[in-house]
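# Report on the structure
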Amino acid sequence: MTKLGIGLLGVGEMGKRHAENLRRLVPEARLVAVADVAAERARQVAAELEIEHSFGSLEDMLARKDIQAIVIATPDKFHARCIREAAAAGKDILCEKPLATNLVDAQAALDAVAKASVRLQIGFMRRYDPAYVAAMKRIEAGEIGEPVVFKSVGRDKDVPPLAAYQSNVNGMLFYNNTIHDFDLARWLVQDEVAEVQAYTTVAIRPEIAKYNDVVAGVVNLRYVRGAIGNIESYVQAIYGYDVRTEVVGSRGSVFVGSVEQIPAAFLSVNGRTQPLADHFLTRFADAYVAEARDFVHNMLNDYPVRVSGEDGLKALAIAVAAENSHLQKRPCQIALHTDAGTIAVTYSAN
Ligand SMILES: NC(=O)c1ccc[n+]([C@@H]2O[C@H](COP(=O)([O-])OP(=O)(O)OC[C@H]3O[C@@H](n4cnc5c(N)ncnc54)[C@H](O)[C@@H]3O)[C@@H](O)[C@H]2O)c1
């Protein structure tokens, strides 16, 4: 069997899971090497997973001719630069979300990908989750009619350590967390978001305000064709990893998550009336494997990627607009001019 030679960059929590999947659950992949600025960690992961090579830098890994594709799982702020370097070395790329943490870096990354004629997929793995795939099939079949309202909830369980904010290597809530819902908002409704208005709070953790982050955010959406939406993100739900999405249309509604009919639900560290996942690596375990298999298969067969760099750019534009709305405390509009290669984020009149 022809296999795709892969090098994986960043073997932290997410990267290690990708490495395990590529090594054991993706038959068409040959994970040739892992690399990490923490070279000793890369060496340990390579030894544990029986991967031949480990490196302390992307540059060294890119020099290998038997690597055709790079998986990027570094913190958010390094994604765009790593994409540019991997593209310049002629490698195809699967990059974790977000594409970048600002539109200038994002555009430069996409330009480098286009110039090198390589392919780039963004790690919006929810598009591979069986429940979201089933929901999308029903929407595409017209079963809920024309989408009218999009609603999504994304709550992480564990309180992030203060060091996660101090290190300043990831984007704030809207880039690091809500970006999954911004992608779902486009994908499931099959329309672009034209305007956002964000509300945020640091209520239970005021000390993170000085790192320009928030513990929770609610973002209202207005779509180009007229639908509306609402997304809630919260990073310290404590009681569990809680992800739910609904699209309400002219003929019905499709719901991913629990719709159990009980008089009242109670979710706390002391107990839950409903079963919930504990972690994204559990809830989306199948999605990460399906994502990796699909990427590898498409690269080997010269097929286009399923989740493109442009998808990454458009979700990022919504995150930028949401952050601007949060900072300016007013609605923010998004103007997409992708034909001209630019995306503008502007404020509405008031
Ligand atoms: N798709 C998802 O569901 C999902 C879930 C979690 C994280 N992520 C994304 O995955 C990425 C990694 O997150 P994580 O939780 O694994 O972080 P992490 O902090 O656990 O791991 C990051 C790793 O990258 C290494 N690193 C840092 N800078 C580097 C550089 N310039 N070059 C090479 N290696 C570098 C670190 O040493 C560390 O080992 C983030 O972008 C995050 O947003 C996605």
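Everything below is about the structure shown above.
The rules we used
- Residues numbered from 1 in each chain as written.
- Predicted model: local features only at pLDDT ≥ 70, side-chain atom pairs only at ≥ 80, totals over all residues.
- Heavy atoms only, no water.
- Helix = DSSP H or I, 4+ residues; strand = E, 2+ residues; numbered from the N terminus.
- Buried < 20%, exposed > 50% of the residue type's maximum accessible area, 1.4 Å probe, protein only.
- Contact = heavy atoms within 4.5 Å.
- Areas by Shrake-Rupley, 256 points an atom, 1.4 Å probe, with all protein chains shown as cover.
- Near = heavy atom within 4 Å.
- Polar contact = N/O pair within 3.5 Å; in protein donor to acceptor, adjacent residues only side chain to side chain.
- Nonpolar A, V, L, I, M, F, W, Y, C, P; charged D, E, K, R; others polar.
- Salt bridge = Lys/Arg side-chain N within 4 Å of Asp/Glu carboxyl O.
- Expected span 1.5 Å × (residues − 1).
- Pairing = 2+ DSSP bridges.
- Core = buried A, V, L, I, M, F, W, Y, C linked by side-chain atoms within 4.5 Å.
- Axes fitted to C-alpha atoms, helices over the stretch in contact; angles between N-to-C directions.
- Left-handed = near helix turned anticlockwise from the far one by under 90°.
- Phe/Tyr/Trp six-rings, centres within 6.5 Å; stacked < 30°, edge-to-face > 60°.
- Lys NZ or Arg CZ within 6 Å of the ring centre and 35° of its normal.

## Details of the overall build of the protein chain
From N to C terminus, the protein chain includes 12 helices and 16 strands. Here the C-alpha coordinates of the protein chain stretch approximately 55 × 50 × 45 Å along the principal axes. Burial analysis of the protein chain (350 residues in total) assigns 52% to the buried set. Taking the intrachain contacts of the protein chain between residues at least 6 apart in sequence as the baseline, contacts between residues at least 24 apart amount to 71%. When the accessible surface of the protein chain is summed, it comes to about 15600 Å², and 51% of that surface belongs to carbon and sulfur atoms.

## Side note on the site of the ligand
In the neighbourhood of the ligand, 24 residues make up the surrounding shell, with M14, D36, D76, K97 and Y288 lying closest. Within the side chain of H79, one N or O atom sits 2.9 Å away from an oxygen atom of the ligand. K97 is positioned with one of its side-chain polar atoms (N or O) 2.8 Å from an oxygen atom of the ligand. Burial of the ligand by the protein chains amounts to 80% of its free accessible area of 860 Å². Listed by contribution, the elements that provide at least two residues to the shell around the ligand are α1 (13-24) and α4 (79-88). Of the residues belonging to the shell around the ligand, the class tally is 11 nonpolar, seven polar and six charged.

## Description of the pattern of salt bridges
Counted under the stated rule, the structure contains 28 salt bridges. We note a salt bridge from K16 to E20, for which the minimum N-O separation is 3.6 Å. Pair noted here: K16 and E20 are both in helix α1, with a separation of four residues, about one helical turn. Its salt-bridge partner being D66, residue R64 comes within 2.9 Å of it at the nearest N-O pair. For D66, a relative accessible area of 24% gives the class partly exposed. Salt bridges sharing partners connect three or more residues here, namely R127, D183, R186, E192, E310, D311 and K314.

## As for α1
Counted at 1.5 Å a residue, the expected span for α1 with its 12 residues is 16 Å, and the 17 Å between its end C-alpha atoms agrees. Turning to α1, its buried residues number three or more, namely M14, G15, K16, R17, H18, A19, N21 and L22. Buried residues along α1 sit against β1 (4-9), β2 (29-35), α2 (39-48), β4 (69-72), α10 (280-283) and α11 (285-300).

## Things to note about the pairing of strand β9 (residues 216-223)
The pairing of strand β8 (residues 193-201) with β9 spans eight bridges and is classified as antiparallel. By the bridge assignment for β9, Y199 is matched with V218. For β9 and strand β10 (residues 228-234), the ladder comprises seven bridges, and the chain directions are antiparallel. Along β10, the bridge assignment pairs N220 with N230. If you look at the hairpin formed by β9 and β10, you'll find four residues sitting between the two strands, and G226 has a positive phi there, around 115 degrees.

## As for the side chain of R119
Tracing the sequence through the fold places R119 in the loop between α5 (103-116) and β6 (120-122). At 3.5 Å, the side chain of R119 and the backbone oxygen of N298 are in polar contact. Discounting chain neighbours no more than four positions away, the residues touching R119 are D92, I93, N298, M299, D302, Y303 and V305.

## Notes on the nonpolar core
One finds L99, F150 and V196 to be the most contacted residues of the largest nonpolar core, which totals 86 residues. Residue contributions to this core peak at nine residues, all from helix α12 (residues 309-328).

## Section: the sheet that holds strand β5 (residues 92-95)
Reading across from one edge, β3-β2-β1-β4-β5-β6 is the order of the six strands in this open sheet, with parallel pairing throughout. This sheet does not close on itself; its edge strands, each paired only once, are β3 (53-55) and β6. With strand direction ignored, the average angle separating the axes of adjacent strands in the sheet is 25 degrees. Of the pairings in the sheet, the one linking β2 to β3 comprises three bridges and is parallel in character. Residue pairing in the sheet places V34 in a bridge with S54 of β3. Here α1 sits on the sheet and contacts β1, β2 and β4; the angle it forms with β1, its principal contact strand, is near 160 degrees.

## Looking at the packing of helix α9 (residues 179-189) against α12
Across the interface, α9 lies against α12 with an axial gap of 9 Å and an inter-helix angle of 115 degrees. The two elements α9 and α12 meet at a crossing, and its hand is right-handed. Where α9 approaches α12, its residues I179, F182, D183 and R186 are matched on the opposing element by D311, K314, A315, L316, I318, A319 and A322. Residues that form the contact of α9 with α12 fall into these classes: seven nonpolar, no polar and four charged.

## Structural notes on the packing of aromatic side chains
One pass over the full model with this rule turns up three aromatic pairs. With 6.4 Å between their ring centres and 50 degrees between their planes, F174 and F182 make a pair best called tilted. The pair F174 / F182 is uniform in exposure class, with both members buried. Taking the centre distance of 6.2 Å and the plane angle of 65 degrees together, the rings of Y241 and F280 count as edge-to-face. With Y241 in the loop between β10 and β11 (242-249) and F280 in helix α10, this residue pair connects regions lying 39 residues apart in the sequence. An aromatic cluster of three or more residues is present, and its members are Y241, F280 and F284. If you follow R283 out to its NZ or CZ, it ends over the ring of F284, 4.4 Å from the centre.

Keep in mind these values describe shape, not function.
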